[in-house]
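# Examining the three-dimensional arrangement
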Amino acid sequence: MSELEFKGYALTDPAAWNEFSLVSYPPKTFLADDVELAITHCGICGSDVHTLTQGWGGLSHLPLVVGHEIIGIVKRVGANVSEFKPGDRVGVGAQIASCMECKRCKSGNENYCMKMIDTYNDVYPDGVITQGGYSTAIRAHQQFVFHIPEAIASKDAATMLCAGLTVFSPLLRNDAGPGKKVGVIGIGGLGHYAVLFAKALGAEVYAFTHSPSKLDDAKKMGADHVISTHDDDFYKAYDGELDILISTIDVFRPDRPLKVYLSMLGVHGKFINVGLPDHNNPLPPMHAFDLQPNGAFIGGSHIGSKTECLEMLRVAAERGVKPWIEELPMSQAKVAIEAVRSGKVRYRYVLTQDIAPVQ
Amino acid sequence: MSNTIQFKGYALTGKYPRKWSDLQVLSYQPKTFQPDDVEIAITHCGVCGSDVHTLTQGWGKSKLPLVVGHEIVGKVVRVGDNVKDIKAGDRVGVGAQIGSCMHCKSCESDYENYCPKGIPTYNGEYPDGVISQGGYSTAIRAHQQFVFPIPHEIESRHAASMMCAGLTVYSPLKTHGAGPGKKVGVVGIGGLGHYAVLWAKAMGAEVYAFTHDSSKMDDIKKMGADHIDFHKPLSRALDLIISTRDVFDQNMSLDTYLSMLFVHGKFVTVGLPDANNVLPETHAFSFVPSGCFLGGSAIGSKKECLEMLDLARSKKIKPWIEEMPMCDVKKALEGVKQNKVRYRYILTQDIENK
């Protein structure tokens, strides 16, 4: 029996992407593996913008509450849940469920389950629409709920759950660490985390940005090398140097072919896209020849697994990794989301839930 | 020490009105012989898709007059003073690369095939300005790093096409883990593709062969492929796809292949289309469902070549070839261009007899 009211700041009119109305909505049917939490904080992700503006595709589930960088306090747990109890401080990220029985789920790859359910704008098998974290509460399968270490404040942990994990997973899976050279393209929400975590893991970090105002910040975040991509020849000095490139490019320019970035990789190096542009913005045209000079790879990555999320939080706690955030009450989501869209945020907004108090 | 070899080959002279496949015997100056070089009297040369792309100039302007051919087998006639492991009389092969700087990070880590200063066996330029001429000829000089001893058990006519086609698919198969428990797709069953099937089976992988040519089905079964599909959608199961596609149709999205990959699977293209044939438009989203990769591969290293030859020797692997005298090279080139070859033409050197 739930005492929590599920209410959130929702998009109701698709023609007004940045206007939110407070709505109540039915949560998912509570099941034995579920955890219910009262939300205290939610970060704003680029995904929220792409979804609300319909850059990623038309919206069919309205009203829609976005937000998938969630921190809250556990209020109740299902019969199968032993990892959590009421009162625990936990987080939820961009995924809320998976099938839990396929080859992928059983090999620590639940973030690649072909039956995965996204935290918002998705549908459960019983037809309930998933609603996100610009709200009072959420229910999630325990596999997608993460204890927050005491050493990390809620406002700092929130954005780790999508932005942090989305870059931490490929860094970890591609052995970012001592002796490795990691490039990060785009120093925004995800990009700044890539710098912070790549340093925390012991790698040498090259930060690439087109914003002159971010060069100093990137240095303070710990980047060993900071490069402005304004100069058309910016990549030439780094020919064959990097092991991995984490790309947070969100808009691909046709005059910057990918081979420009690939040339900075060593043999079989990887260019991993975590940026997901609008659906009408494909990768710049490529020829098979572009992939030859160093046998490099272009790839992608999707969030991360629970194991990786817990490892990320452990590393953050141990090494004192703190994101660069700006806080606002949740009722001012409009201000924040517009700033994200126009690239003004430094470097992540975190909304403090102000709809209903959390005991 | 023999200094009497005449370097003569079937060349595209560039003299109008010759067609791209009309070659004439021409004498030419070889590269300046250096202490690391091996000089080889050629007996066999395979015909590679690269030869067609270079002669038609689909890849770009070629340096004419030009002798192509980079699947070479022959007998060593002399070696430079620095050459210790190869001697006159040895039977050796040479592939698609003939030189590299030998001291960069790539060269020093068994990645000489990725040296930024690598010299291709033909249509390349040496530091002293000599243009590299290929194996549709009597002889060639190559740096010892690019000369591969052929095991006794492998006949010259079989070894020839291993030097490029074989190595070009062996390298990514080996590098990206083809072996027991792995599912490997091969797209396009031609010269390179058929080798990919043969090697991947020999390495213990489960092989899925993709072809648009139904006349090849029986052959592909005999080559050992476990599954033969005409682009039937496979749900995200493959660990590695080696694509030998030489022509990309803009209407067929790479998603067709990327969606066949398991988590972190790799689609590696070894097929190199003409310069005006780009990859189909791709969106970053295509890489998300499986965190998969799209990449390329360039030939292979000496280390990989020797491993490959040892695999061929120990498992008695023979390519599917058609032989003809080198004077019939036009027929062979046209046959490759029209996809008639089953599955590699091997030219027997006959210029000395002219």
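Bear in mind that the values here come from a model prediction, so they are computed numbers and not experimental data.

### Let's talk about the overall build of chain B
- A tally of regular secondary structure across chain B gives 8 helices and 18 strands.
- For 354 residues, the compact-globule estimate of 2.2 N^0.38 gives 20 Å, and chain B sits close to it at 20 Å.
- Projected onto its principal axes, the C-alpha positions of chain B cover 60 × 45 × 35 Å.
- Classification of the 354 residues of chain B by burial places 60% in the buried group.
- Sequence-distant contacts in chain B: of pairs separated by 6 or more residues, those separated by 24 or more amount to 72%.
- Accessible area of chain B: about 14100 Å², with a carbon and sulfur share of 50%.

### Quick notes on the domain arrangement of chain A
Residue and element names in this part refer to chain A.
- For chain A, the domain assignment lists domain 1 (6-161 + 304-314 + 321-352) and domain 2 (164-300).
- Here the C-alpha centroids of domain 1 and domain 2 sit 26 Å apart.
- Across the boundary between the two partners, domain 1 contributes 26 residues, which contact 26 residues of domain 2.
- Of the roughly 2200 Å² buried at the junction of domain 1 and domain 2 (both faces included), carbon and sulfur atoms supply 59%.
- It is Glu 308, Trp 324 and Tyr 347 that lose the most area in domain 1 upon contact with domain 2, and together they represent 31% of the buried surface on that side.
- Applying the counting rule to domain 1 against domain 2 returns 1 salt bridge.
- Notably, a salt bridge pairs Arg 173 with Glu 308, separated by 2.6 Å at the nearest N-O pair.
- Taken together, the links from domain 1 to domain 2 amount to 19 residue pairs in polar contact (both at pLDDT 80 or more).
- Among the elements that line the side of domain 1 that touches domain 2, the one with the most residues is helix H7 (residues 306-319), at 4 residues.
- Among the residues forming the side of domain 1 that touches domain 2, the class breakdown is 10 nonpolar, 10 polar and 6 charged.

### Some details on the domain arrangement of chain B
Residues and elements named next belong to chain B.
- The domains assigned to chain B are domain 1 (2-164 + 300-353) and domain 2 (166-296).
- One C-alpha centre belongs to domain 1, the other to domain 2, and the line joining them spans 26 Å.
- Between domain 1 and domain 2, the residue contacts involve 24 residues of the former and 28 residues of the latter.
- For the pair domain 1 and domain 2, the summed buried surface comes to about 2400 Å²; carbon and sulfur atoms form 58% of the total.
- Our count for the domain 1 to domain 2 interface comes out at 2 salt bridges.
- Across the pair Asp 213 and Arg 342 runs a salt bridge whose closest N-O atoms are separated by 3.2 Å.
- Put simply, domain 1 and domain 2 have 24 residue pairs in polar contact (both at pLDDT 80 or more) between them.
- Per-element tally for the side of domain 1 that touches domain 2: the top contributor is helix H7 (residues 302-314), with 6 residues.
- For the side of domain 1 that touches domain 2, the residue count by class is 12 nonpolar, 6 polar and 6 charged.

### Some details on the interface of chain A and chain B
- Counting residues at the interface gives 38 residues for chain A and 40 residues for chain B.
- Together, Arg 104, Gln 292 and Phe 297 of chain A form the three largest contributors to the area buried by chain A at its contact with chain B, with a combined 18%.
- For the pair chain A and chain B, the number of links is 0 salt bridges.
- Linking chain A to chain B there are 14 residue pairs in polar contact (both at pLDDT 80 or more).
- Elements that contribute at least two residues to the side of chain A that touches chain B include exactly strand S14 (265-273) and strand S15 (297-300) of chain A.
- It is S14 of chain A that contributes the most residues to the side of chain A that touches chain B, 5 residues altogether.
- Across the side of chain A that touches chain B, the residue classes break down as 17 nonpolar, 15 polar and 6 charged.
- Pairing of S15 of chain A with strand S16 (residues 293-296) of chain B, which is carried by 3 bridges, proceeds in the antiparallel orientation. What sits directly across from Phe 297 of chain A, in S16 of chain B, is Gly 295 of chain B.

Parameters and conventions
Residues numbered from 1 in each chain as written. Chains lettered and ligands numbered in written order. Predicted model: local features only at pLDDT ≥ 70, side-chain atom pairs only at ≥ 80, totals over all residues. Heavy atoms only, no water. Helix = DSSP H or I, 4+ residues; strand = E, 2+ residues; numbered from the N terminus. Rg over C-alpha atoms; globule rule 2.2 N^0.38 Å. Buried < 20%, exposed > 50% of the residue type's maximum accessible area, 1.4 Å probe, protein only. Contact = heavy atoms within 4.5 Å. Areas by Shrake-Rupley, 256 points an atom, 1.4 Å probe, with all protein chains shown as cover. Domains from an automatic or database assignment. Buried area = accessible area lost by both parts, 1.4 Å probe. Salt bridge = Lys/Arg side-chain N within 4 Å of Asp/Glu carboxyl O. Polar contact = N/O pair within 3.5 Å; in protein donor to acceptor, adjacent residues only side chain to side chain. Nonpolar A, V, L, I, M, F, W, Y, C, P; charged D, E, K, R; others polar. Pairing = 2+ DSSP bridges.

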